[in-house]
Structure formats: C-alpha cells, structure tokens
Amino acid sequence: MNSSTSNSRGALIIRSTAVFLVLFIGYNLAVMVAKPAGSFLQSQPEKNAAVADDYILGERAADTVIVGSSLSARLDESDLGPGFLNLSFAGGTAATGLEIVDRLERVPKLVLVETNQIRNLDSSFVDARFSPLGRFLKRRIPTARAKYRPVNLLLGALRKKTGREDLTPDATVFANLLEEQRRDYENVPDPEWLRSSVTRMAQQVASLEAKGVRVVFFVLPVYPQLRDLPKARDLLQAFHTTFPPPGNRWIECPPGDFITADGIHLVPQSARLYAGLLLAELRHGPQ
Amino acid sequence: MLFTSLSFLMLLSATFALYYLPFLARFQVLILIVASFVFYASAKPWLLAILVLSCAVNAVSSFGIFRSESLAAQRGWAVLGVAVNLGLLVFFKYSRLIFQSLGGDVSQVQGIGGFLLTIPLPIGISFFTFQGISLVIDTFRWKKKGEPIPFFARTFWRHFYNTTFFKAFFPQLIAGPIVKAHQFLPQIGPKRFSELNWEPAFRFLVTGYFLKMVIADNLKDQTFWIAPPYFLGYSTINLAGLLFGYSMQIFADFAGYSLIALGLAEIFGYRLPQNFRFPYVSRTFSEFWTRWHISLSTWLREYLYIPLGGNRKGKGRTYFNLFTVMFLGGLWHGAAWSYAVWGTFHGLALAAERLLQGNSQEKRSHWALDGLRMVFVFAFVTLAWLLFKLPHFGDVIEYVKAMGRNTGLPLNKVMMMLIAIYSLPVLLYHAHHLSEGGALEKRLGEWRFIGYGVMLFLIAVSAGGSGEFIYFQF
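Residues numbered from 1 in each chain as written. Chains lettered and ligands numbered in written order. Predicted model: local features only at pLDDT ≥ 70, side-chain atom pairs only at ≥ 80, totals over all residues. Heavy atoms only, no water.

Draft legend 1. Expanded view of the overall build of chain A. Counting its regular elements, chain A contains 13 helices and 5 strands. With respect to the three principal axes, the spread of C-alpha positions in chain A is 80 × 50 × 35 Å. Of all 287 residues assigned to chain A, the portion counted as buried reaches 48%. The contacts in chain A between residues at least 6 apart in sequence include a share of 78% that link residues at least 24 apart. (Helix = DSSP H or I, 4+ residues; strand = E, 2+ residues; numbered from the N terminus. Buried < 20%, exposed > 50% of the residue type's maximum accessible area, 1.4 Å probe, protein only. Contact = heavy atoms within 4.5 Å.)

Draft legend 2. Spatial organisation of the interface of chain B and chain A. Counting from both sides, the interface comprises 34 residues of chain B and, opposite them, 30 residues of chain A. Summed over both partners, the interface of chain B with chain A buries about 2,800 Å², with 75% contributed by carbon and sulfur atoms. Contact with chain A buries surface across chain B, with F449, F457 and V461 of chain B losing the most and accounting together for 20% of the total. Taken together, the links from chain B to chain A amount to 0 salt bridges. Scanning the region where chain B abuts chain A turns up 6 residue pairs in polar contact (both at pLDDT 80 or more). Tallying contributions element by element places helix α21 (residues 448–462) of chain B first for the side of chain B that touches chain A, with 11 residues. Class assignment for the residues of the side of chain B that touches chain A results in 21 nonpolar, 8 polar and 5 charged. (Buried area = accessible area lost by both parts, 1.4 Å probe. Salt bridge = Lys/Arg side-chain N within 4 Å of Asp/Glu carboxyl O. Polar contact = N/O pair within 3.5 Å; in protein donor to acceptor, adjacent residues only side chain to side chain. Nonpolar A, V, L, I, M, F, W, Y, C, P; charged D, E, K, R; others polar.)

Draft legend 3. A look at the confidence of the model for chain A. Summary statistics for chain A give a mean pLDDT of 86 and a share of 92% for residues scoring 70 or more. Predicted confidence is poor over residues 1–7 of chain A, with pLDDT under 50, and the contacts of this stretch with residues over four places away or in other chains come to 0 contacts. (pLDDT = per-residue confidence, 0-100.)

Draft legend 4. Just the pattern of salt bridges, in detail. Inspection of every chain in the model, using the stated rule, returns 30 salt bridges over all chains. Ionic pairing is found between D102 of chain A and K211 of chain A, a salt bridge with its closest N-O pair at 2.8 Å. Of this pair, D102 of chain A sits in helix α5 (residues 94–103) while K211 of chain A sits in the loop between α10 (191–210) and β4 (214–218), and the two are 109 residues apart along the sequence. Relative accessible area serves as the criterion here: at 17%, D102 of chain A is assigned to the buried category. The partner of D370 of chain B in a salt bridge is R373 of chain B, and the shortest N-O contact between them spans 3.7 Å.

Here you go:
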C-alpha cells in the first residue's frame, strides 16, 4: 500500500518534470527556428537589461552610443539613424552605460553622454550583465533573454501595427507632475557626493578616450522653470568644471519649444525634434 | 538572503546534503540552526546578536515557568518573558515612530540617541518575537493546568537548543508562518531521508515559486507606478487596475513565500501550518481573516482576543476587543500609523458585520448573493491595500483624488493587459477552490501534473526581476 502510494506520488513529480522538459525544449527550439522579432518589453528593468544584453552580446554594433538616464532613453534610435545605439537606462545614469562600453573590447567611435541626471553607478546591474554563466546561457538558450519570454512575444505581436502615440499631457496632470519635479529640483545635491560621482565618470571617460573613443556631452531640454533650480544648476556646473569646454565637446540645451510629459521627460514628438537637432549638431558642429 | 537567490539555493543544497548523511544524523538540529544563522546573518551579521538574545530571553523565561512551583512565580516569569519580548519589538521597531509622534525630529538628535533611533529594523523581528511569546504563554498555560508539558526538554541547555531551533528555523524565520510552540516543538526529532514527503514538498515549492517569481515579481513592475508622483499621470481605469494588480501581487507574494516555507520545512521533515486558504473568495470579513495570514490571525485570537475576553463579555466589550486586536494587528505590520489605520478599517468592518448580522444564525445562501458579497469584500480589502503600498496618508488621499479626477486621461492598454495576464493565474487558483469536491475537480485531478509542468516552465522562462518579499519589511 505504502509502496504503491509512494510510486503514484513520485509519478506526479516525474510527469510534471516531463511536461516541463517538453515545453522548455520545444519553446526554445521554436524560437531558435522562427527568430521572432518585435518583442514588447514589460518594464523598465526588463528594457534596461535587454538593451544592455543586446549590446554586450554583440547583436547590435554601433558607431555612436548614447549613455544616460530615462531622459535620453526617450530618444528613439529610428529618429537618429542606423549608426546609433541608445544605451540609456531608465532609473539609471550615464555612468552605468559608460561602464558597459568601457568593459567591452570593441568600442564605438563616439559616445554621447547625457548630463541631466547623475546617480551612482549600478555595479550589480553591470556585473550581472557580464557574468560568464549568464552570457553563456544567453548566447545558447533564447529564453534566458527577456525579449524571448512568451508574454513579451505575445504583446509584441499584438502591438506590431501600433505606431508611437504623440500625446500632449493633460494640463492638470502636468501641473501636478511638474510640481513634484520642482520639489526634486529644489534639492541641493550633496557637493561631496556630486564631486566623487563626476570624478568617477571622468575616469571612465579618460579610459574610453585612451581607446580612441570620442566623447561628447549633451544637455537635454527640460521645462524652463526647472533649469535654474539647484539640482540642474549644480549638476551642470559640476560637469562643466570636470569636463570644461572647449577642450571637451558640449552640445548645450537648445532653444525651442520642447514639450515634456512631466517637466523633464520629452514627449515623443519633442524627442524626435531634439534628435534632429542633435544629429545636425553632430554633423555640422565642431568636430 | 532571498529564497529566489542563487546563494540561497547553494545554502539549501549544502544543508540538505549534510542533514541526511547517516553519520551526521545526531547533529540534524544543529545543522539546521547553523544554516539558519548563516541565512539570517548573510545581509547584516550583527542582527544575529538580536536573534540570539531573543532566543535566550524566551528560553530563560519559559524554563523559569517550567521550573517554578508556585503560580505567582510562574506568572512572574511569564510577565517578564512577554514584557522583554514586547520591549525588544517596541525598541527596534517602534521607537522612531513613538519619538516622531511625540513631536521629535530624528534628524536633530545627536549622539547615542540619534544612533538608537536610526538602527535599521532587524528583519523578521515581528515574526520571531510572536513565536517567542507563544512559547512563554504556551508553557505558562500547560503548567497552570498542572499537566506535564509534552514539548518541553528536561534540561535548560537542551531547552535553549530547541528554543533556538524553533525560533530560528530558516524557512519560517523571516516572514512566517508564525508557528506556535505547541505546533513545532513536538516535531523535533530524528528525520530519515526515506520518510521524506516528496510530493507535498514538490507541490508547495512549485506553487510557491510560481506565485512569487512569475506572478508577484512581474506584477511588481506594473504596480511600481502606484508610487508618487507617477500615479498622477494615469487614468481612472488604470489606477483601479493598478490597485487590483497590487491586490493580486500581495497575495501571490505572501502566499508564495508561505508555500515555499512549507515546502522547505517539509524537505527537512517538519510541517508548518497553512497560512492562506483562498482568501479572495471570502464572503464576509470574518471569513477573510480565517483565510488570510491564518497564522497571524489565529495567533492574535489565541494570545490577544480571547485573553481580552473575546465575545464572552457582552456586545460592547466584543466590539472593543475586535477593534483593539485589529488596530494592534495593523500596527504589527509596520511602524507607521497608516498600518494602524489599515487595521482599524478591518476592525470597523468586522464590528459592522457583527452588528448587522446580530445573533442571527440564519445562513442565507444564493450563488448570486454570495458572488456579490465576494466582490464587496474583495473591493474593500483591495482598497485598503493602498495603505500598505503608500504609507503616507497624503499620497493615499492624492491617489483616491486622482482616481476621481483622471477620468478623461487616455487608457494605458498594455498596462491593463499585463495586469490581466499575471492576475489570471491567481483568479484561476481561487476558482479552483470554488470547484473543489465537484466532478470537474475530480476529472481535472488526474491531469494536474500538466499544471505543475506548466508552472515549472513559466518559472524557467517568465520569472520577473527578483524582488524582496513584501512582508520582509514587517
């Protein structure tokens, strides 16, 4: 009696494992054969990981790499051209992108560094991307990559025909969000922390320049009222002090009517407009 | 150390291998204590001192009760044990809240006072303190009855050893289930590999990891937008969807953790109590609290509500007791008044429900009425979770205002779709309960291996970014 019960109990585990193996192997084989494009990534952390993985695994080469925060993550590569790759991370900072570019042997010709935000380098994120086991699995097993997750492929297929939405934010919502940003921008960054963060970036920039990479700094437009508040002012000053022009190439905040969703993040049509200006500056400005 | 981390899997594998080695059989409990200490100390080693201190306090006070002959001495030890337990909890968890509530500004306090007020909360202290109190009170109750205590070791050092194991056992150390002394201590004894219950362990672990890694960790990335100021920009339907998603997430997160704890305990030969029984099918608030975080609600009933008089001292006293228990139960969750308000909401709901039901024993049951009741209880519970997600009242009020105001904003359909996709398994899990015992369940029972296989597949290919368990903060 006991033995038969034990056998039937073991059967559940064996059968479940068999179902798992069939699904896992079958799905991975199907993805390998079909090579589906147009995955939709569900969240910011997932997007950050996927962008970094694509670049690190060499699936996406580029002459120009943009590094920055969620502000520059709004710049669409299709508005910039085939030679561009946007390695900006929402919730992150340019230092994380610089670290990834610096750790790889192959380097781009040009790196564009966003100077609107500064946060600590996310070492655990970078280490996870460069883990040998992780890279090994991601190269061989499609489902080790976020973009091949079943839900992401399903959503990607559903959204294939949907273009980008050009939305103008609701006035009341915008006022509330702007007020939140204003409070944040009123904060004076800790000078010591700011100095050490920019110094760390200077080391990364020096390392890239030693490899022959040209580095250009740029400032994205934010809502005019925010530009002179302590956070924006101190940050830009720290960058200008550490990377002074004209020895370092700067693309300063352009004049013009840029619309943001919350005071700092450009809406798609403004991001497109800024991308055009950035391209023009790179083509026609001083080399 | 998270149950979902690689370091935990390595610790678990090493512990499991050593635990069942025949020549180490007499050290099984010691192996689990050492593993539990490594587990607990992995993030902040100094926290181990608090855990050991708590174990020592409970071992000494309960042994004091055990050895005392007079009722007065037994009571003295019991009061001392409970007071020191509560003192530790209040000191580490609530001193900052009390100080601030009295008008103090923590940032202005210098020296040792400032240091003491900013000590980080020792993880799991709310859980292991309640387990310690249960040991002291269980011992006192058994001793008072004058009967031999079946779960008590005869020597102090053996008792200290068992107490440390009972409190520190890693599957339930950080976030429960809150195990009572009389449930756990009698189970301590030699365990054999051949007697291991593989199937329940497998079921608990697969379901638990699925709920945590696939459901909670993916919903977490959507409900992130409940945080201020982001929620201000979402439409009314999105805000309602986010709340619904958070309700699903918190269930999947905590029930998932509890199931993993049950499965882990099972593979070492220990059985922990069920912590969840399909809470979102509850038709009344009192039923909800027999299905949600059962180990906490039974603890509160056994060690607080009944000692306060329960429902034996008249209507007024019953309402007061319900209210007090829920207020304190809310505050147990976190050192912020919003948790107390959350508990109070539930206390008021329970009191109102009791008032409306009166003494009527009549059970009117109709599927449509039951369905409406379920929806009502679920909606109330879900709205109240907002106090968990947004500990500042101002943010809660803004969120509710935004729900009323943002009717004209465009709908974020992808967000709604993702919430629906990841909530579906939780709904099916509850629907499965409703079909329990029926013909459909019997027919499906033969095919449940497919369900476990699919869950394993989704754990492998659809796990979200690893996040801390929500209840770790308590």
